[in-house]
Amino acid sequence: MNEAQSPKGGVVPHLTIANDKAAEAIAFYSRAFGATELMRHVAEGRQRIMHAHLRINGGSLMLNDHFPEMSGGAPAQAPKGVTLHLAVDNADAWWKRATDAGASIRVPIENQFWGERYGQLTDPFGHIWSIGGPIEE
(Lines give C-alpha, C1' and ligand atoms only; values in the text may rest on other atoms or scores of the structure.)
Protein backbone atom coordinates (compact mmCIF):
# COMPACT_ATOMS: atom_id res chain seq x y z
CA MET A 1 0.00 0.00 0.00
CA ASN A 2 1.56 3.31 -0.96
CA GLU A 3 1.45 6.51 1.09
CA ALA A 4 -1.55 7.90 -0.82
CA GLN A 5 -3.51 4.74 0.00
CA SER A 6 -2.55 4.46 3.67
CA PRO A 7 -4.93 5.70 6.35
CA LYS A 8 -3.83 9.05 7.75
CA GLY A 9 -4.41 8.13 11.39
CA GLY A 10 -7.28 8.14 13.82
CA VAL A 11 -9.83 5.38 14.06
CA VAL A 12 -10.57 3.69 10.73
CA PRO A 13 -13.83 1.76 10.48
CA HIS A 14 -13.56 -1.58 8.69
CA LEU A 15 -16.91 -2.98 7.53
CA THR A 16 -17.71 -6.56 6.61
CA ILE A 17 -20.35 -6.74 3.89
CA ALA A 18 -22.61 -9.80 3.73
CA ASN A 19 -23.74 -11.77 0.69
CA ASP A 20 -20.75 -10.97 -1.55
CA LYS A 21 -21.93 -7.37 -1.99
CA ALA A 22 -18.76 -5.42 -1.13
CA ALA A 23 -18.44 -4.23 -4.74
CA GLU A 24 -22.05 -3.00 -4.58
CA ALA A 25 -21.27 -1.27 -1.29
CA ILE A 26 -18.31 0.55 -2.85
CA ALA A 27 -20.52 1.74 -5.71
CA PHE A 28 -23.21 2.84 -3.25
CA TYR A 29 -20.76 4.72 -1.00
CA SER A 30 -19.41 6.48 -4.09
CA ARG A 31 -22.90 7.65 -5.08
CA ALA A 32 -24.20 8.35 -1.58
CA PHE A 33 -21.16 9.85 0.16
CA GLY A 34 -18.78 10.81 -2.65
CA ALA A 35 -16.36 7.99 -1.74
CA THR A 36 -13.17 7.60 -3.73
CA GLU A 37 -11.82 4.07 -4.03
CA LEU A 38 -8.09 4.01 -3.27
CA MET A 39 -7.47 0.27 -3.53
CA ARG A 40 -9.15 -3.09 -3.92
CA HIS A 41 -7.77 -6.60 -3.46
CA VAL A 42 -9.91 -9.38 -4.92
CA ALA A 43 -9.64 -13.00 -3.78
CA GLU A 44 -7.71 -15.09 -6.27
CA GLY A 45 -10.04 -16.75 -8.75
CA ARG A 46 -13.09 -15.17 -7.11
CA GLN A 47 -14.98 -11.91 -7.32
CA ARG A 48 -15.10 -11.41 -3.56
CA ILE A 49 -13.23 -8.44 -2.18
CA MET A 50 -10.63 -9.33 0.44
CA HIS A 51 -9.85 -5.71 1.24
CA ALA A 52 -10.81 -2.28 -0.08
CA HIS A 53 -9.89 1.20 1.09
CA LEU A 54 -12.10 4.21 0.42
CA ARG A 55 -11.74 7.87 1.24
CA ILE A 56 -14.93 9.65 2.36
CA ASN A 57 -15.00 13.30 3.44
CA GLY A 58 -11.25 13.22 4.15
CA GLY A 59 -11.37 10.03 6.23
CA SER A 60 -10.69 6.39 5.52
CA LEU A 61 -13.17 3.52 5.37
CA MET A 62 -12.08 -0.05 4.82
CA LEU A 63 -14.34 -2.93 3.87
CA ASN A 64 -14.41 -6.51 2.68
CA ASP A 65 -16.79 -9.25 1.67
CA HIS A 66 -17.62 -11.79 4.35
CA PHE A 67 -15.61 -15.00 4.00
CA PRO A 68 -17.51 -17.72 5.88
CA GLU A 69 -14.66 -20.17 5.33
CA MET A 70 -12.47 -17.86 7.44
CA SER A 71 -14.97 -17.82 10.31
CA GLY A 72 -15.79 -21.49 10.78
CA GLY A 73 -18.59 -21.35 8.19
CA ALA A 74 -20.61 -18.85 10.20
CA PRO A 75 -22.71 -16.38 8.23
CA ALA A 76 -21.98 -12.67 8.45
CA GLN A 77 -23.52 -11.05 11.49
CA ALA A 78 -25.97 -8.21 10.92
CA PRO A 79 -24.40 -4.81 11.64
CA LYS A 80 -25.40 -3.51 15.08
CA GLY A 81 -24.35 -1.11 17.75
CA VAL A 82 -22.18 1.16 15.58
CA THR A 83 -22.99 4.45 13.84
CA LEU A 84 -20.60 5.95 11.29
CA HIS A 85 -20.74 9.74 11.62
CA LEU A 86 -20.02 12.20 8.82
CA ALA A 87 -19.20 15.72 10.06
CA VAL A 88 -19.88 17.84 6.97
CA ASP A 89 -20.15 21.45 5.86
CA ASN A 90 -23.69 21.16 4.45
CA ALA A 91 -25.71 18.40 6.11
CA ASP A 92 -28.75 18.85 3.87
CA ALA A 93 -26.74 18.44 0.66
CA TRP A 94 -25.03 15.29 1.97
CA TRP A 95 -28.40 14.00 3.22
CA LYS A 96 -30.07 14.52 -0.15
CA ARG A 97 -27.26 12.80 -2.04
CA ALA A 98 -27.41 9.78 0.31
CA THR A 99 -31.19 9.43 0.23
CA ASP A 100 -31.24 9.91 -3.56
CA ALA A 101 -28.71 7.05 -3.78
CA GLY A 102 -30.99 4.76 -1.77
CA ALA A 103 -30.15 5.22 1.92
CA SER A 104 -33.23 4.87 4.13
CA ILE A 105 -34.10 7.39 6.82
CA ARG A 106 -33.67 6.16 10.37
CA VAL A 107 -33.85 9.54 12.17
CA PRO A 108 -35.01 12.51 10.07
CA ILE A 109 -32.55 15.34 9.65
CA GLU A 110 -33.46 18.30 11.87
CA ASN A 111 -31.93 21.15 13.82
CA GLN A 112 -30.85 19.68 17.14
CA PHE A 113 -30.68 21.19 20.62
CA TRP A 114 -26.87 20.94 20.61
CA GLY A 115 -26.70 23.38 17.70
CA GLU A 116 -26.17 21.03 14.78
CA ARG A 117 -28.25 19.85 11.83
CA TYR A 118 -28.31 16.06 12.32
CA GLY A 119 -30.01 12.87 11.14
CA GLN A 120 -29.39 9.15 10.71
CA LEU A 121 -29.62 6.87 7.68
CA THR A 122 -29.29 3.14 7.07
CA ASP A 123 -27.39 2.02 3.98
CA PRO A 124 -28.62 -0.93 1.88
CA PHE A 125 -26.13 -3.21 3.68
CA GLY A 126 -27.49 -2.51 7.18
CA HIS A 127 -24.87 -0.02 8.38
CA ILE A 128 -26.07 3.11 10.18
CA TRP A 129 -24.68 6.51 9.19
CA SER A 130 -25.28 9.87 10.82
CA ILE A 131 -24.80 13.17 9.08
CA GLY A 132 -24.21 16.36 11.01
CA GLY A 133 -23.23 19.88 10.17
CA PRO A 134 -23.81 23.50 11.07
CA ILE A 135 -27.33 24.88 11.12
CA GLU A 136 -27.83 27.16 8.13
CA GLU A 137 -28.81 30.67 9.18
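Going by the structure above, here's the rest.
Throughout what follows, the structure given in this document is the object of discussion. Just so you know, these numbers come straight off a predicted model, no measurement behind them.

1. Focus: the packing of helix H1 (residues 22–33) against helix H2 (residues 91–101)
Across the interface, H1 lies against H2 with an axial gap of 7 Å and an inter-helix angle of 140 degrees. Between H1, through Phe-28, Arg-31, Ala-32 and Phe-33, and H2, the contact on the second element is made entirely by Trp-94, Arg-97, Ala-98 and Ala-101. Classifying every residue of the contact of H1 with H2 by side-chain character gives 6 nonpolar, no polar and 2 charged.

2. A closer look at the sheet that holds strand S5 (residues 83–87)
Read from one edge of the open sheet, 4 strands run S5-S8-S7-S6, paired in mixed fashion. Pairing within the sheet leaves two strands with one partner each, and these edge strands are S5 and strand S6 (104–111). The sheet shows a mean angle of 15 degrees between the axes of neighbouring strands, direction not considered. Relative to strand S8 (residues 128–134), strand S7 (residues 116–122) runs antiparallel, the two being bridged by 7 bridges.

3. Notes on the environment of Val-107
Residue placement: Val-107 occurs in strand S6. In sequence terms Val-107 and Val-12 are 95 residues apart; their C-alpha atoms lie 24 Å from each other. Among residues more than four places away in sequence, those in contact with Val-107 are Trp-95, Gly-119 and Gln-120.

4. Side note on the nonpolar core
In this structure, Tyr-29, Phe-33, Ile-56, Leu-63 and Ile-131 are the most contacted members of the largest nonpolar core, which totals 29 residues. Breaking this core down by element, the ones donating at least two residues are strand S1 (14–17), H1, strand S3 (49–56), strand S4 (59–65), S5, H2 and S8.

5. Regarding the pairing of S1
Side chains of S1 alternate between two faces, with Leu-15 and Ile-17 buried and His-14 and Thr-16 left unburied. Where S1 lies against S4, 4 bridges are found, and the strand directions are parallel. Directly across from Ile-17, in S4, lies its bridge partner Asp-65.

6. A look at the pairing of S8
Within S8, 6 of the 7 residues are buried, which leaves it mostly tucked inside the rest of the structure. Pairing of S5 with S8 involves 5 bridges; the strand directions are parallel. Each residue of the ladder has a partner; that of Leu-84, found in S8, is Trp-129.

7. A closer look at the pattern of salt bridges
Charged atoms that come close allow side chains of opposite charge to pair. As enumerated under the stated definition, the model contains 4 salt bridges in all. Note that Glu-69 and Arg-48 form a salt bridge whose closest N and O atoms lie 2.5 Å from each other. With Glu-69 in the loop between S4 and S5 and Arg-48 in the loop between strand S2 (36–42) and S3, the pair connects residues that are 21 residues apart, well separated along the chain. Judged by relative accessible area, which is 7%, Arg-48 ranks as buried. Salt-bridge contacts for Asp-92 lead to Arg-117; the nearest nitrogen and oxygen are separated by 2.9 Å. In this pair, Asp-92 is assigned in helix H2 and Arg-117 in strand S7, connecting sequence segments 25 residues apart. Taking the relative accessible area as the measure of exposure, Arg-117 reaches 18% and is therefore buried.

Analysis parameters
- Residues numbered from 1 in each chain as written.
- Predicted model: local features only at pLDDT ≥ 70, side-chain atom pairs only at ≥ 80, totals over all residues.
- Heavy atoms only, no water.
- Axes fitted to C-alpha atoms, helices over the stretch in contact; angles between N-to-C directions.
- Helix = DSSP H or I, 4+ residues; strand = E, 2+ residues; numbered from the N terminus.
- Contact = heavy atoms within 4.5 Å.
- Nonpolar A, V, L, I, M, F, W, Y, C, P; charged D, E, K, R; others polar.
- Pairing = 2+ DSSP bridges.
- Core = buried A, V, L, I, M, F, W, Y, C linked by side-chain atoms within 4.5 Å.
- Buried < 20%, exposed > 50% of the residue type's maximum accessible area, 1.4 Å probe, protein only.
- Salt bridge = Lys/Arg side-chain N within 4 Å of Asp/Glu carboxyl O.

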